[in-house]
Structures are given as structure tokens and as C-alpha cells.
Amino acid sequence: MRKEIPILITLFIGVFMVLKFFFEPVDWVRISAEEIAKIAQVVVASSVVLGVANILRINFRAIVQRRRDWGYKLALLVTMFLLMGAGFWAHFYHHRVTSLVVGDLLFQDLYGNLLSPLQSTMFALLAFFIASAAFRAFRVRNLPAALLMFAAILIMLGRVPLGHWLSQALGLGALLPNVADWLMGVPNTAGQRAILIGVALGIIAVGLRVIFGIERPYLKGE
Amino acid sequence: MTLYEVFLGWMVVFFTLAIFSFLYKDNPIYKFAEHVYLGAAVGYGVVIVYAQVLEPDLVMPIVDFLRHLWGGPTAVYGEQYEVSPGWRLVALALSIMIWARLTKRFNWWSRWALAMIVGAYAALRLVGDAQAYLVAKINATLLPLWPMPGNPLLDADGGIRWVSVEGPSLLTNWLIVLGVAAVLIHFFFSVEHKGPMKGASRFGIMILMITFGSSFGYTVLARVSLLIGRVVDLQERATGDYFYATYIIGAAMITYFVGVKLYERAAGKA
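Think of each chain on its own: its residues are numbered from 1, step by step along the sequence as written. Going through the entries in the order they are written, you letter the chains from A and number the ligands from 1. In keeping with the model being predicted, local features are shown solely for residues with a pLDDT of at least 70 and side-chain atom pairs are shown and tallied solely at 80 or more, while totals for entire chains, interfaces and linings include all residues. Side-chain figures throughout are based on the complete set of non-hydrogen atoms in the structure, without hydrogens or water.

1. As for the overall build of chain B
Turning to step 1, where the next piece is worked out: A tally of regular secondary structure across chain B gives 8 helices and 0 strands.
Turning to step 2, where the next piece is worked out: A compact globule built from 270 residues would reach a C-alpha radius of gyration of about 18 Å, whereas chain B, at 30 Å, exceeds it by more than 25%.
Turning to step 3, where the next piece is worked out: Its C-alpha atoms give chain B principal-axis dimensions of about 75 × 75 × 45 Å.
Turning to step 4, where the next piece is worked out: Buried residues are those whose accessible area, probed at 1.4 Å on protein chains only, stays under 20% of the maximum for their type, while exposed residues exceed 50% and partly exposed ones sit between those limits. Going through the 270 residues of chain B one by one, you find that 40% of them count as buried.
Turning to step 5, where the next piece is worked out: Surface summary for chain B: the accessible area is close to 15000 Å², and the carbon and sulfur share equals 69%.
Turning to step 6, where the next piece is worked out: One way to put it: in chain B the 20 positive side-chain charges average out to a point 16 Å from where the 17 negative ones average out. Starting at the N terminus, helices and strands are each numbered in turn, a helix being any DSSP run of H or I of at least four residues and a strand any DSSP run of E of at least two. The quantity called the radius of gyration is restricted to C-alpha atoms. Its globule counterpart is 2.2 Å times the number of residues to the power 0.38. Accessibility throughout is a Shrake-Rupley quantity obtained with a 1.4 Å probe, and a residue counts as covered only by protein chains that appear here. Only four residue types enter the tally: Lys and Arg on the positive side, Asp and Glu on the negative side; His and the chain ends are excluded. To locate a charge, the coordinates of NZ of Lys, CZ of Arg, CG of Asp or CD of Glu are taken.

2. Thoughts on the interface of chain B and chain A
Turning to step 1, where the next piece is worked out: Contact with chain B, which involves 111 residues of that partner, is made by 110 residues of chain A.
Turning to step 2, where the next piece is worked out: By buried area we mean how much accessible surface two parts lose on assembly, using a 1.4 Å probe and totalling the loss over both. Summed over both sides, the interface between chain B and chain A buries roughly 10400 Å², with carbon and sulfur atoms accounting for 82% of that surface.
Turning to step 3, where the next piece is worked out: Any Lys or Arg side-chain nitrogen located within 4 Å of an Asp or Glu carboxyl oxygen qualifies as a salt bridge. At the boundary of chain B and chain A, one finds 2 salt bridges.
Turning to step 4, where the next piece is worked out: Residues Glu35(A) and Arg88(B) are paired through a salt bridge, measuring 2.7 Å at the closest nitrogen-oxygen approach.
Turning to step 5, where the next piece is worked out: If you list the elements that add at least two residues to the side of chain B that touches chain A, you get α1 (3-20), α2 (28-69), α4 (88-99), α5 (110-141), α6 (170-186) and α7 (196-236) of chain B.
Turning to step 6, where the next piece is worked out: Broken down by element, the residue count for the side of chain B that touches chain A peaks at 27 residues, all from α2(B).
Turning to step 7, where the next piece is worked out: Classification used: nonpolar for Ala, Val, Leu, Ile, Met, Phe, Trp, Tyr, Cys and Pro, charged for Asp, Glu, Lys and Arg, polar for all others including Gly. Taken together, the residues of the side of chain B that touches chain A break down into 78 nonpolar, 17 polar and 16 charged. Contacts are assigned to residue pairs that have any heavy atoms within 4.5 Å of one another.

3. Considering the packing of helix α9 (residues 187-211) of chain A against α7(B)
Turning to step 1, where the next piece is worked out: Fitted lines through C-alpha atoms give the axes, limited to the stretch in contact for helices. The angle between two N-to-C directions lies from 0 to 180 degrees. At their nearest, the axes of α9(A) and α7(B) sit 8 Å apart, and the two run at 100° to each other. Relative to α7(B), α9(A) is oriented roughly perpendicular. Contact with α9(A), carried on its side by Pro187(A), Asn188(A), Ala190(A), Gly191(A), Gln192(A) and Ile195(A), involves Ile207(B), Leu208(B), Ile210(B), Thr211(B), Phe212(B), Ser214(B) and Ser215(B) of α7(B) and no other residues of that element.
Turning to step 2, where the next piece is worked out: Partitioned by chemical class, the residues of the contact of α9(A) with α7(B) number 7 nonpolar, 6 polar and no charged. Roughly parallel means an angle under 35 degrees; roughly antiparallel means over 145; roughly perpendicular covers 65 to 115; every other angle is labelled oblique.

4. So, the nonpolar core
Turning to step 1, where the next piece is worked out: Here, nonpolar core refers to any group of buried Ala, Val, Leu, Ile, Met, Phe, Trp, Tyr and Cys residues whose side-chain atoms link them within 4.5 Å. Membership of the largest hydrophobic core comes to 47 residues, with the highest contact counts inside it found for Met80(A), Phe107(A), Leu114(A), Leu118(A), Phe15(B), Ile19(B) and Met253(B).
Turning to step 2, where the next piece is worked out: When residues of this core are traced back to their parent elements, those giving at least two are α3 (48-64), α4 (70-94) and α5 (106-137) of chain A together with α1, α2, α7 and α8 (245-269) of chain B.
Turning to step 3, where the next piece is worked out: Per-element tally for this core: the top contributor is α2(B), with 10 residues.
Turning to step 4, where the next piece is worked out: Core analysis: the second largest hydrophobic core is formed by 46 residues, Met116(B), Ile117(B), Ala120(B) and Ile207(B) among them.

See below:
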């Protein structure tokens, strides 16, 4: 019962949603499928409650018991509630969560001056690690490794003003930017395209396995 | 510039430098910023999910449905919804089943909701990706390989377009068609890679290496562009308008790290 019903639900919903693409002009099929997709979207969104409950449970316990690093966990919870409080205040009181004016909405100010800089700095930090990883990994041991390295170097040089300048200074005209464009547009397109075709085939295979209950990731732990 | 704006500027500088301090080593300032980032991201996500999904697609339809049930305005039907908003009670029930995961006794309820989500998204991805990737990409790869009147491999004056940076050309089309086929052959393991298969697979590796190299270069550029953005932000806040926030916070952090280092050295000797 606990296993069979979920498998039947997946089978019924999955087959119906696939059939929807073939019977799109039939109104009741289209409307029902759209409603099912909407319900699925709502259920996925509502699972954010699970995430918040887990964060609260784990961090609150650590703070109360004064475990190691409890101060950081307190900072996490305070920031989370600050953003949530400011956001719900903006939503319910001002009926909007975005603003172009500094000082208009605390939620927007916190997004623009706290979350956004933190997020882009985190990603910017990767520039250093990528550079150091490249320095260690790029060794011209054989032809494929050489192709990897030269493609990366040519793309990096061809897409920045330094590459344009270098190309001009060496009397090559716009050769470097053109080579970078060609690499992105031709061999890169071929490789990406083949990878995407492979990914699509994989998704179709896994999707069918999941719909027909051969693969049951949601029943793990039973 | 108001005091509030200056405060926001100092906040930006502090958290930017706090994250960059990880380049020196893992330290309490970075850990603090990391936890603040996580808290802010979760708090922001919750608000956006509620405002953009849960309220319009769950709360409002149910309120409308209940209002209609108790004799309120009926205009909500037909105008906003194609089906009765009462169906969203199913979404509410499934959401409650998902939340039941937090309990020990009823956590198996969540499987019903998960089964519904998995079924719906597996089907949507299956057909959507087949259309967007499989069919579209195969279609885009079916390129003309021989210059014929009327196809884009011939110029307006009838000359063959051998190679071009933009648009189709003989070399471009051959490389794309052979490249896609070679990479697919490389990942086709049902036949042993011997003879012509080996050659094709080897060519596929070359194409893949150029693809990975290009993607790597592109990623590096994107990250460096973000880095430039952060440096510009720091530069803007290093002026008198912001009371030299970048210099003061930067100096304070350096002083802190030097102080800790000296303290640790002294403690080690003792």
C-alpha cells in the first residue's frame, strides 16, 4: 500500500502528462494537464517550509546547547528572519517586494547591499581558484590536452580588449577575436550539441524508467 | 548621501572583503559572512517563493473558492480560472503531506506528494527535452554539405563559401556534422572502438577537448567579469562620500589578521 500507491500515482500522472502533448487541442486534457503542472509547482514551492524547518531545528538546537560555532548559526538565523521579516512586511504592507529607490523598501536594500554582493563575491572568488586549478591542470602532455589549453587561451584572449590590442599590434588584424568566435561557433557548437543530444536521450530513458516504476528514487529508505 | 546609504555602503564593503578574506585562509570573518549569506539567501528565497508562487497559485485560489462557497462574488469563476479554484485544495493537501515528512509517524505520507511531483516533472522534462534538445539539435545538425544553387554554401555571385567566422560555410558545416557524429560515436559503448570507430572516437575526443577548453575559457571570463564588478564596487566606496569605507574596513581586517598571527606565534612560543 505504502509503495504501490505512489508508483501508481507516478504512472498515472506521468502517462497523462506525456499524452497531453499529443492531445493538446482537446480542451479538458490541456486544462487538466496545466492544473496538474500548477499543483506540482505549488507542492514543490511549499516544500520550502521543510527546508526552513530543518534549518531552524538544526541551528536552534546548536544555539541553545551552545555547541561549537553557535555564534555563526545565530548570525544565520538572525539574517534569515531579518530578510523574511523585511520581505513579508514589504509584501503585505507595500504590496510589492522590489523598488528602484534606495531606502524605499528595506527588503530591496538588503537584497541589493547584502545578498547580491555576497553572491557575486562568492562567484568572483572562484576566479582565483579556477586560475590556480588551470595553472596546475594545463600541461601539454598530448594533443587533446594541447587542444584544451589552446582553446581556453584563445577564447580568453579573443574576448577581452587585450586580445584585440595584441592582435592589432602583431599585425594580425582581428584574427584573435575571429578565432575565438569561430571556436565558440563551430567546434564548441558541435561538441555542445552532441552532449545535449546525449543528455536528452538520457533524460528520456530515465524519465520512462521513473514513470513506469522501474526507478523509484522517491521510495528510497523503505 | 544619507547616513543610511553610507551604512549600506559599509555593509557592502565589509561583506565583500570578508568573503575575499578566504583567499588568505579560512577565518572567523569569512565564516560569519558565509553564514550571513546562507541566512539571507534562505530568507530571500522564502519571501520570493511565497510572493510569486504560493500566494497567487495556492492562497488566493483557495480564498476565492471559499468566498464563492459562502455566497461571495462568483465572478472569480471563468474569469481568472479555467477550472474551479477548489482543485488547489488538492495542492494544499499534497503540501501538508510533504510537511508530514517532519513527523516520524506520518513521514510516509510525503511519498504520495513526491510521487505526484516526480511523475509530473519526469513527463514534462521527457517531452520538453526531447523537443528542445533532441529534435531541435538533430534538426540543426542536418546541414547542407555540398554547394548547390539555392543553398547558403554559395555566394550571391555563385562562388563557394569555403570558410567564414559567421554564418554557414563548407568547412563549418562539415566540421559541425562530423563533430556531432564523432562525439556521439565516442559515447557509444555498445560497439568496441576499433578500426574506423576508433578514428571517429579519437576525432570526437578532439572536438570535446576544444568544447571543454572553450567552456572553461568562457567560465573564467564570466568569473573575472564578476570580480571586476566587485572591485569597482569597492573602488566606488573608497571615496569620501562613504567615509573611505574600503580603506578603513580593509585596514581593520588586515590589522586583525596580523594581530591574530602575532598572538598565535606568541602563544606557540609560550
